[in-house]
Amino acid sequence: MQEYELIIVGGGPAGLAAAISARENGIERLLILERDYELGGILNQCIHNGFGLHTFKEELTGPEYAQRFIDQVFEKNIPYKLNTMVLEIEACGDEKMVTAINKEDGLMRLKTKSVILAMGCRERPRGALNIPGYRPAGIYTAGTAQRLVNMEGLMPGREVVILGSGDIGLIMARRMTLEGAKVKVVAELLPYSGGLQRNIVQCLEDFDIPLKLSHTVVEVHGKERVTGVTLAEVDENRRPIPGTEEFYSCDTLLLSCGLIPENELSVKAGIELSNITSGPVVNESLETNIKGIFACGNVLHVHDLVDYVSEEAKKAGQQAAAFLQEKESDKKEKTIIIQPEGGIRYTVPQKIRTESMEENLTVRFRVGKVYENVYVNVYLGDKQIIHKKRKKMAPGEMEQIILKKSDLTQELKFDKIIMKLEEA
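What you see is a predicted model, and the numbers here were worked out from it, not measured in a lab.

So, how was this worked out
- Residues numbered from 1 in each chain as written.
- Predicted model: local features only at pLDDT ≥ 70, side-chain atom pairs only at ≥ 80, totals over all residues.
- Heavy atoms only, no water.
- Buried < 20%, exposed > 50% of the residue type's maximum accessible area, 1.4 Å probe, protein only.
- Helix = DSSP H or I, 4+ residues; strand = E, 2+ residues; numbered from the N terminus.
- Pairing = 2+ DSSP bridges.
- Core = buried A, V, L, I, M, F, W, Y, C linked by side-chain atoms within 4.5 Å.
- Contact = heavy atoms within 4.5 Å.
- Patch = residues over 30% accessible without salt bridge, like charges linked within 9 Å, V, L, I, M, F, W, Y side chains within 5 Å.
- Areas by Shrake-Rupley, 256 points an atom, 1.4 Å probe, with all protein chains shown as cover.
- Salt bridge = Lys/Arg side-chain N within 4 Å of Asp/Glu carboxyl O.
- Axes fitted to C-alpha atoms, helices over the stretch in contact; angles between N-to-C directions.

Participant: Help me out: how do you make sense of the pairing of strand S15 (residues 228-233) in this one?
Facilitator: Working note: regular strand, side chains alternate between the two faces of the sheet. Extensive coverage of S15 is indicated by the burial of 5 of its 6 residues. With 6 bridges joining them, strand S14 (residues 215-221) and S15 adopt antiparallel strand pairing. Of the residues in S15, the one forming a bridge with Thr 216 is Ala 232. The loop that links S14 with its antiparallel partner S15 comprises 6 residues; one of these, Gly 222, has a positive phi angle of about 110°. Note that S15 and strand S16 (residues 246-249) share 4 bridges and pair antiparallel. Bridge pairing in S16 places Gly 228 opposite Ser 249.

Participant: Sorry if this is basic, but what is going on with the nonpolar core here?
Facilitator: The nonpolar side chains of soluble globular proteins are, as a tendency, buried together. Formed by 60 residues in total, the largest nonpolar core has its most connected members in Ile 89, Ile 116 and Leu 117. Excluding its chain neighbours within four sequence positions, the residues that come into contact with Ile 116 are Leu 6, Ile 7, Ile 8, Val 9, Ala 18, Phe 294, Cys 296, Ala 316, Gly 317 and Ala 320.

Participant: Is there a simple way to explain a nonpolar patch on the surface in this structure?
Facilitator: There is a patch of nonpolar side chains on the surface, built from Met 85, Leu 87, Ile 101 and Leu 107 and spanning about 340 Å² of accessible area. Tracing the sequence through the fold places Leu 87 in strand S6 (residues 85-92).

Participant: Can you walk me through the sheet that holds strand S27 (residues 416-423) in this structure?
Facilitator: The strand order across the open sheet built from 5 strands is S22-S20-S27-S24-S25, with neighbouring strands paired in mixed fashion. The open sheet has two free edges, formed respectively by strand S22 (351-353) and strand S25 (383-393), since each of these has just one partner strand. The average angle at which neighbouring strand axes cross in this sheet is 20°, direction not considered.

Participant: What's the story with the pattern of salt bridges in this structure? I'm lost.
Facilitator: Side chains bearing opposite charge may pair, as long as their charged atoms lie close to each other. Tallied over the entire structure, the rule returns 16 salt bridges. Where Lys 420 meets Glu 422, a salt bridge forms, and the shortest distance between an N and an O atom there is 3.7 Å. Taking the relative accessible area as the measure of exposure, Lys 420 reaches 22% and is therefore partly exposed. We classify Glu 422 as partly exposed; its relative accessible area is 27%. Overlapping salt bridges, with partners in common, bring together Arg 35, Arg 122, Glu 262 and Glu 264 in one network.

Okay, structure coming up:
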C-alpha cells in the first residue's frame, strides 16, 4: 500500500496552488489526484483574459494562468495522477484512506496523514429549474457550451437566449457573439445580476445585448430542436406576472443558473457542510471538522476571482504542512463562531481558534442583495472592533475584511463574533 503525507484531490487552480505551497513548506511525500486527462481544471476552457491581475500583476487567459502553476508543479517534481477518480475518503483516527481508480493502476487504496479537498464546483443541473415544455436539443449549460466552443471547436447554435446572469453566462454571451451567433437576450430571475460588474459591461453592454432582470423562461418551444422560448417578468415572490409574456425565436438556450461546490466526497467522509455555501465548514486554518482534512477554492465556496482561489489554496497548503509538522497536543483551544447577520449571507472561515490564528486573518463573505452606502460592522459582544463603509455591495462580488488577532485576544468573555451590515 502506498503511503503519503498529503493527498490533494483535484488538479485545478486550487489543487495546484495548494500542492506547490505544501512542497515549499517542506512536504515531500504528496500526490495530486485529477479526474481529467490534464492538469488545470476549468481554466483550460476559459480562454478569455482577465486572470492573474492580483497574483501575477498581469492579465492572462485561463490556460496561461493555469500553466504558470503547472510549470511550478513540474519544476518541483510534484507527482500527480491523471484520469483518476477518487471514490472515497475515509478518516481512520490519525490516518486517512483515499480510494481511487484509473486504467493504469486499477483500484487504489492510498494511505495518507492529511488531505486537501480541491474538487472545484459544478453547474446547477437544468432539471432543477422546473421550466415547462419539452426538452428538445439545443439546451445546454453555459459551461458545457463554453467547453464545446473553446475546446472542441463546435458551435451549439446560431440564435441564442441565455437564462441566468452568472459570470459564465455573461462571458458566453460575448463568446457566442464573437463566433457569429446572435444573442437575443440574457434573462435573470433575480432583480440583480449574479455576475461581476465588469463582465456585465464588457460582455453585454459593449455588444448591445439586453439584460432583463426579474425575468425567467416560462416555456420552451420546439420538440426535436429548440425553436424559441417565452420569457415573462416575475414578481417579488419570483412568480410569473400574467400578461408580461414575450416570445424570442432561438435555436439554443444556455442555462447559467449558478454554481455549487462538488462535495459528494465530503458528505461521504462525514465532513460538516454549510447550508448556505454547500461547502465545508472550516476554521481559520481552512481545516474541516475532521482533523487533517482541509478545503480550499470553489469546493469550499464559489469565488468570483481565480486569484482569490490561488491565495486561499496557498494558505491551505501552508496549514496542511504545519499540521503535519507540529507535535500532537492535547490542549483544547477555544473556538469562536463567526455569526453573519443583517444582509451578510455567509463568511469563510465560519469559526476561529484565536490561539492558532495568524496576526491578521482575512474573512471573505457575500451579501444577500445589492446594498449602497452601508457599513460592515464587527462586534465582540457590545464592543465594535470594525466599522468599514462600503459604497456598493452586490451578491456577485466577494467581499473581505481583516480580523486582527490582537482585537480578539483582548476579551475573553465572548464565544462569537457578529458581522452585519448597518445603514450609514
